[in-house]
Amino acid sequence: MKATVYVTIKENVLDPQGNAVQSSLHTMGFGEVAKVRIGKYMELQLDTNDRAQAEERVKAMCEKLLANTVIEDYRFELEG
Amino acid sequence: MNFAVLVFPGSNCDIDMYKAVEDVLQQPVDYVWHTSTDLSAYDAILVPGGFSYGDYLRCGAIARFAPVMSEVRKAAEQGKFVLGVCNGFQILTEAGLLPGALIRNKSLKFRCHPVDLTVENANTAFTNAYAQGETVRIPIAHGEGNFYCDDETLAKLKANNQIVFRYAGENPNGSVDNIAGICNERGNVVGMMPHPERAVSKLLGSEDGARMFKSVLNAFASKAQTGAGSGAGAR
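Residues numbered from 1 in each chain as written. Chains lettered and ligands numbered in written order. Predicted model: local features only at pLDDT ≥ 70, side-chain atom pairs only at ≥ 80, totals over all residues.

**Q** Just give me the short version of the overall build of chain A, but keep the residues and values in it.
**A** Looking only at helices and strands, chain A features 2 helices and 3 strands. Expected size for 80 residues packed as a compact globule is a radius of gyration near 12 Å; at 16 Å, chain A overshoots this value by more than 25%. Seen along its three principal axes, the alpha-carbon backbone of chain A occupies a region of about 50 × 25 × 15 Å. Looking at chain A as a whole, 15% of its 80 residues are labelled buried. (Helix = DSSP H or I, 4+ residues; strand = E, 2+ residues; numbered from the N terminus. Rg over C-alpha atoms; globule rule 2.2 N^0.38 Å. Buried ≥ 20, exposed ≤ 12 C-beta atoms within 10 Å, placed from the backbone.)

**Q** Describe the overall build of chain B, with residues and values.
**A** Summing up its helical and strand segments, chain B has 5 helices and 11 strands in all. Radius of gyration (C-alpha) of chain B: 16 Å, near the 18 Å computed for a compact globule of 235 residues. Its C-alpha atoms give chain B principal-axis dimensions of about 45 × 40 × 35 Å. Sorting the 235 residues of chain B into buried and exposed places 56% on the buried side. A fraction of 75% describes how many contacts in chain B between residues 6 or more apart in sequence connect residues 24 or more apart. (Contact = placed C-beta atoms within 7 Å.)

**Q** Which residues make up the nonpolar core, and what are the values?
**A** B:Ala4, B:Val5, B:Leu6, B:Ile45, B:Leu46 and B:Val216 are the most contacted members of the largest nonpolar core, which has 81 residues in total. Among the elements that take part in this core, helix α5 (residues 210-225) of chain B stands out by supplying 7 residues, more than any other. The residues contacting B:Val216, other than those within four sequence positions of it, are B:Ala44, B:Phe81, B:Ala125 and B:Phe126. Of all hydrophobic cores here, the second largest spans 8 residues; its members include A:Ala3, A:Val7, A:Ala67 and A:Tyr74. (Core = buried A, V, L, I, M, F, W, Y, C linked by C-beta atoms within 7 Å.)

**Q** Tell me what's going on with the pairing of strand β10 (residues 179-183) of chain B, and back it up with residues and numbers.
**A** All names here are of chain B. Most of β10 sits inside the fold, with 5 of its 5 residues counted as buried. When strand β9 (residues 163-167) meets β10, the two strands line up antiparallel, connected through 3 bridges. By the bridge assignment, Arg166 is partnered in β10 with Ile179. Bridge count for β10 against strand β11 (residues 189-192) is 3 bridges, and the pairing is antiparallel. Residue pairing across strands places Ile182 opposite Gly191, the latter belonging to β11. The antiparallel pairing of β10 with β11 creates a hairpin that spans 5 residues between the two strands, and Gly187 there sits at a positive phi of about 85°. (Pairing = 2+ DSSP bridges.)

**Q** Go over the interface of chain A and chain B with me, naming the residues and quoting the values.
**A** Of the residues lining the interface, 9 residues belong to chain A; the matching set on chain B comes to 12 residues. Of the residues forming the side of chain A that touches chain B, the biggest block, 3 residues, is contributed by helix α1 (residues 16-27) of chain A. Partitioning the side of chain A that touches chain B into residue classes produces 7 nonpolar, 2 polar and no charged. (Nonpolar A, V, L, I, M, F, W, Y, C, P; charged D, E, K, R; others polar.)

**Q** So what's going on with the sheet that holds β9(B)? Residues and values would help.
**A** Residues and elements named next belong to chain B. Ordered in space as β2-β1-β3-β4-β11-β10-β9-β6-β7, the 9 strands form an open sheet in which the pairing is mixed. Edge positions in the sheet fall to β2 (29-33) and β7 (135-142), since each of these pairs with one other strand and no more. Geometrically, the sheet is characterised by an average inter-axis angle of 25° between neighbouring strands, direction not taken into account. As paired strands, strand β3 (residues 44-47) and strand β4 (residues 81-85) are joined by 4 bridges and run parallel to one another. Each bridged residue has a counterpart across the sheet, and for Ile45 the counterpart in β4 is Val82. (Axes fitted to C-alpha atoms, helices over the stretch in contact; angles between N-to-C directions.)

**Q** Outline the sheet that holds strand β3 (residues 72-79) of chain A, supporting the account with residue identities and numerical values.
**A** Residue and element names in this part refer to chain A. Spatial ordering of the open sheet is given by β2-β1-β3, a layout of 3 strands whose pairing is antiparallel. The strands lining the two open edges of the sheet, one partner per strand, are β2 (39-45) and β3. For this sheet, the mean angle separating the axes of adjacent strands, direction not counted, is 15°. Set on the sheet, helix α2 (residues 51-66) makes contact with β1 (2-9), β2 and β3; between it and β3 the angle comes to about 155°.

**Q** Hey, could you go over unusual backbone geometry for me, with residue numbers and the actual values?
**A** All names here are of chain B. A positive phi angle, close to 60°, is found at Asp55, a residue other than glycine. Examined against the element boundaries, Asp55 turns out to sit in the loop between β3 and α2 (67-77). You can call Asp55 partly exposed: it has 18 C-beta atoms within 10 Å.

**Q** Which residues make up α5(B), and what values do they have?
**A** Residue and element names in this part refer to chain B. Taking 1.5 Å of rise per residue, the 16 residues of α5 would be expected to cover 22 Å, and the 23 Å separating its terminal C-alpha atoms lies within 8% of that figure. Regarding α5, the residues found buried are Ala210, Arg211, Met212, Phe213, Ser215, Val216, Leu217, Ala219, Phe220 and Lys223. On its buried side, α5 packs onto α1 (14-25), β3 and β4. (Expected span 1.5 Å × (residues − 1).)

**Q** Let's hear about the environment of B:Gly209: which residues, and what values?
**A** Residues and elements named next belong to chain B. With respect to the helices, strands and loops of the structure, Gly209 is situated in the loop between β11 and α5. Taking the C-alpha atoms as reference points, Gly209 and Val136, 73 residues apart in sequence, are found 8.0 Å from one another. Those residues in contact with Gly209 that lie beyond four places of it in its chain are Ile138, Pro196, Glu197, Arg198, Ala199 and Val200.

**Q** Can you explain the environment of A:Tyr6? Please cite residues and give values.
**A** All names here are of chain A. When you line up the elements, Tyr6 lands in strand β1. With 24 residues separating them along the chain, Tyr6 and Phe30 place their C-alpha atoms 25 Å apart. Dropping the residues within four chain positions of it, Tyr6 is found in contact with Gly39, Tyr41, Tyr74, Arg75 and Phe76.

Right under this line is the structure:
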């Protein structure tokens, strides 16, 4: 089974990278870009077919290590 | 008084920290590798700066799960003195020993220069040799020193007098409320972005950091006087 994890900076936390990329896009003429948020994308190959268990385990991984919930939000998808 | 300087793969301020203890205090100090599972011999644990585990995932995120960290937690609970500087501060926040988190500098630049700090709390184990409100000059060197916490946590930090240092001049990283360093509620665990170990001699440009080391020796001496185990003596 494959887990795809997305970690993004919380809405109310400043994302200096996102702001820099947005202003660069504006400079290039992409004025319609109202906001950019930069995050992380992770692919986890899991040695299990038990979806419910995978759900629970990946959530624990996110809470413990993959995201810092003081500053980041996470979501994930399971496939296969 | 026995000092431990933790060493993770990628620590790079460990030697400076070790030398600062040696030169300023002439007290016994050891390097302790991240795999160690016993810190019982030490009275103070110093978590140095650097780029532990290459800053992979997030600064300090992987180091906080090193075997030695459960010993650091134990030491903190016992009221022993714990100081995290720069990457050490990031590790202590990731470990939950201090609140908040350190995020990318607002400017996106790695800032490496001396800064002026205001001593906001001169009652912690690491700041008792300073005067309250004093300005001290200590260098910074970080790309991710932007202290963030939510409003509720900030209110708590203020109410409990847990803000130890603020940037006195320009805020180099965009931190909340100009925070440069904080402590836990008990005052025995301190984390800060500036590097006091790089400011222990006039030859280094400033000796203002030396008193942090003298402070912890004072705290240890007064704890010994009032009887070991009283713990909260640091406040």
